Amino acid sequence: MTGLADIRSTFLNYFNKQGHEIVPSSPLVPRNDPTLMFANSGMVQFKNLFTGVETRDYKRATTAQKCVRAGGKHNDLDNVGYTARHHTFFEMLGNFSFGDYFKSDAIPFAWEMVTKELAIPKDKLLVTVYETDDEAAEIWKKVAGISDDRIIRIGDKPGGGSDNFWQMGPTGPCGPCTEIFYDHGDKFWGGPPGSPEEDGDRFIEIWNLVFMQYEQFEDGSRRELTAQSIDTGMGIERVAALLQGTNDNYATDLMRALIEDSAHKTSTDPDGPGKTHHRVIADHLRSTSFLIADGVMPSNDGRGYVLRRIMRRAMRHAHLLGSQDPLMHRLVPELVRQMGEAYPELRQAQALIEETLKLEETRFRQTLDRGLKLLDEELSGLSDDQALPGAAAFKLYDTYGFPLDLTQDALREKGRTVDTDGFDNAMAEQKAKARAAWAGTGESADLTIWFDVADQHGATDFLGYDTETAEGQI
Ligand code: ATP
Ligand code: MG
Ligand code: MG
Ligand code: MG
């Protein structure tokens, strides 16, 4: 059992046997939730059940949830191509208790799932708990029988917050959490959680269990919740990777098929110098296709702009592979072959996805080349440690359609950065000019609304660089 379909059904069936309702994934665009750009964890569709605003006829649920983390607080866009474990689109398996069972059941469920159902060897696993959560540490010791040095206590970070304390937002339900890690062995660089090398690719987090224990109030005080709840999330691609004997999500059968298709269609080597390009393309193909299937269309603000940013990033990588013609739409059939059975909406939207990608890529190619040339010219006039001036990044954005993060992605390969404050200033200046120009025409009624929204949120926010307020992390 190593494929996604098997892992998914094993998980859902196990929790179903434990009295959990199998609830379908919600769409990527959260319903009635303007605070969140995209579903980024399994708990998003259950938010109101945790706060008690809504009740349903079940108190336990299990899901395989589509997630996108490409903006806001949980933004993994910049990790893609650089880490072995991050995607912008991924699937999160979860079990949930709404005021029903708590820690003493959630931990044994997770342990049985991981060590029996998935048959992951116990000696490769370690767990983290919040530093003061003695209760969770005790349960782990009893249930898993692992030694104390494999139960790692994690406190708050210097700047506040903790990987092991979860909050939905500044107020509301919150509580400690526990994360399960798999050790891929010393052939990989990295250290255990809490160590300075924790971001390496050796110890990989596979599952996060949140214990919703408190309610946080505005004045900083907390009360113990009467209805304590459980919210968990396990990344299916990371589990598939370890069951397939690799620490690299991009080496799993599904991602590999997409990467090989990208290599084949560009007549390049999947593991050659263009390796990173293929990984980014395969990842972004999934997020863009699933977003379009869920009704998001490329546009110049909000969700649509996040989609456009992801697409254009992928298109630059396709261009760097030497692809002369638009590439992304030609990769959709393989994606549908791989994922269409589990996600019929992909099949249904296939034609729309292909057309949208083709149109976007055809258009973007008209300016991409010239934009990249301009970028090179700008850089050649700077010393190695100078950041790209904000005005240049703004020109790339405004004239050549380069989202800011695409420029940053291009520069990161060269170890360089952008002056983002300068970019924001250039944007603000242009808006002020546009506003002044419109003021004289007597036709500005509608546009002033746009300007006001943009002003309220700041340029980059308005463009979807950071629009989340509520935290949907697990
Ligand atoms: P990491 O620390 O590795 O970035 P996380 O703590 O941010 O992960 P959670 O918010 O706890 O992740 O999400 C629950 C689970 O979802 C994780 O344990 C992991 O298995 C999976 N997951 C999270 N982010 C990603 C991603 N970008 N790509 C693939 N899987 C992910
Ligand atoms: Mg993360
Ligand atoms: Mg983590
Ligand atoms: Mg986590």
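Now for a look at the structure at hand.

Conventions we followed
- Residues numbered from 1 in each chain as written.
- Chains lettered and ligands numbered in written order.
- Predicted model: local features only at pLDDT ≥ 70, side-chain atom pairs only at ≥ 80, totals over all residues.
- Heavy atoms only, no water.
- Helix = DSSP H or I, 4+ residues; strand = E, 2+ residues; numbered from the N terminus.
- Expected span 1.5 Å × (residues − 1).
- Buried < 20%, exposed > 50% of the residue type's maximum accessible area, 1.4 Å probe, protein only.
- Contact = heavy atoms within 4.5 Å.
- Core = buried A, V, L, I, M, F, W, Y, C linked by side-chain atoms within 4.5 Å.
- Donors = N, O, S within 2.8 Å, 3.2 Å for Na, K, Ca; no water.
- Polar contact = N/O pair within 3.5 Å; in protein donor to acceptor, adjacent residues only side chain to side chain.
- Near = heavy atom within 4 Å.
- Areas by Shrake-Rupley, 256 points an atom, 1.4 Å probe, with all protein chains shown as cover.
- Nonpolar A, V, L, I, M, F, W, Y, C, P; charged D, E, K, R; others polar.
- Axes fitted to C-alpha atoms, helices over the stretch in contact; angles between N-to-C directions.
- Parallel < 35°, antiparallel > 145°, perpendicular 65-115°, else oblique.
- Left-handed = near helix turned anticlockwise from the far one by under 90°.
- Pairing = 2+ DSSP bridges.

Moving on, we come to helix α6 (residues 253–265). The terminal C-alpha atoms of α6 lie 18 Å apart, and with 13 residues this matches the ideal 18 Å at 1.5 Å per residue to within 8%. All of the buried residues in α6 are L254, M255, A257, L258, I259, D261, S262 and A263. The inward-facing, buried residues of α6 contact α1 (4–17), α7 (275–293) and α9 (332–339). Where α6 terminates, the next one or two residues include S267, which has phi positive at roughly 50°.

W140, I180, I206, W207 and L388 are the most contacted members of the largest nonpolar core, which has 107 residues in total. Core analysis: the second largest hydrophobic core is formed by 16 residues, F46, L49, A61 and M212 among them.

Attention shifts here to the coordination of the magnesium ion (ligand 4). Binding of the magnesium ion (ligand 4) to the protein goes through E179 (OE), E205 (OE) and N208 (ND2), at separations of 2.1 to 2.2 Å. Between the magnesium ion (ligand 4) and the magnesium ion (ligand 3) the interatomic distance amounts to 3.2 Å, and E205 serves as a bridging ligand to the pair. Residue E179 is located in strand β9 (residues 172–183), and its partner N208 is located in strand β10 (residues 203–216); the two are separated by 29 residues in the primary sequence.

Tracing the chain through its elements places T10 in helix α1. Residue T10 is classed as buried on the basis of its relative accessible area of 15%. A distance of 2.6 Å separates a polar atom in the side chain of T10 from the backbone oxygen of D6. Beyond its immediate chain neighbours, meaning those up to four positions away, T10 contacts M1, M113 and E117.

In the vicinity of ligand 1 lie 17 residues, with D76, R85, H86, E205 and N208 positioned nearest. One of the backbone nitrogen or oxygen atoms of I206 is found 3.0 Å away from an oxygen atom of ligand 1. A distance of 2.9 Å is found between an oxygen atom of ligand 1 and a side-chain nitrogen or oxygen belonging to R238. Calculation on ligand 1 without its partners gives an accessible area of 590 Å², and the protein chains cover 91% of this total. The greatest single-element share of the shell around ligand 1, amounting to four residues, is contributed by β10. Across the shell around ligand 1, the residue classes break down as five nonpolar, six polar and six charged.

With that settled, consider the packing of helix α11 (residues 350–380) against helix α13 (residues 404–412). For any two helices packed against each other, the geometry is given by the interaxial angle and the distance between the axes. As a packed pair, α11 and α13 sit with axes 12 Å apart at the nearest point and diverge in direction by 50°. As far as their axial angle goes, α13 and α11 are oblique. Between α11 and α13 lies a crossing whose hand is right-handed. Every residue of α13 that contacts α11 at F364, L375 and L379 is listed here: L406, T407, A410 and L411. A breakdown of the residues in the contact of α11 with α13 according to their chemical character gives six nonpolar, one polar and no charged.

What follows is about the pairing of strand β11 (residues 222–235). Within a regular strand, the side chains alternate between the two sheet faces. Alignment of strand β5 (residues 89–97) against β11, held across four bridges, turns out to be antiparallel. The residue of β11 that forms the bridge with L93 is M234. Across nine bridges, the pairing between β10 and β11 is antiparallel. In the strand pairing of β11, W207 is matched with M234. Counting the residues in the hairpin turn of β10 and β11 gives five residues, including G220, whose phi is positive at 95°.

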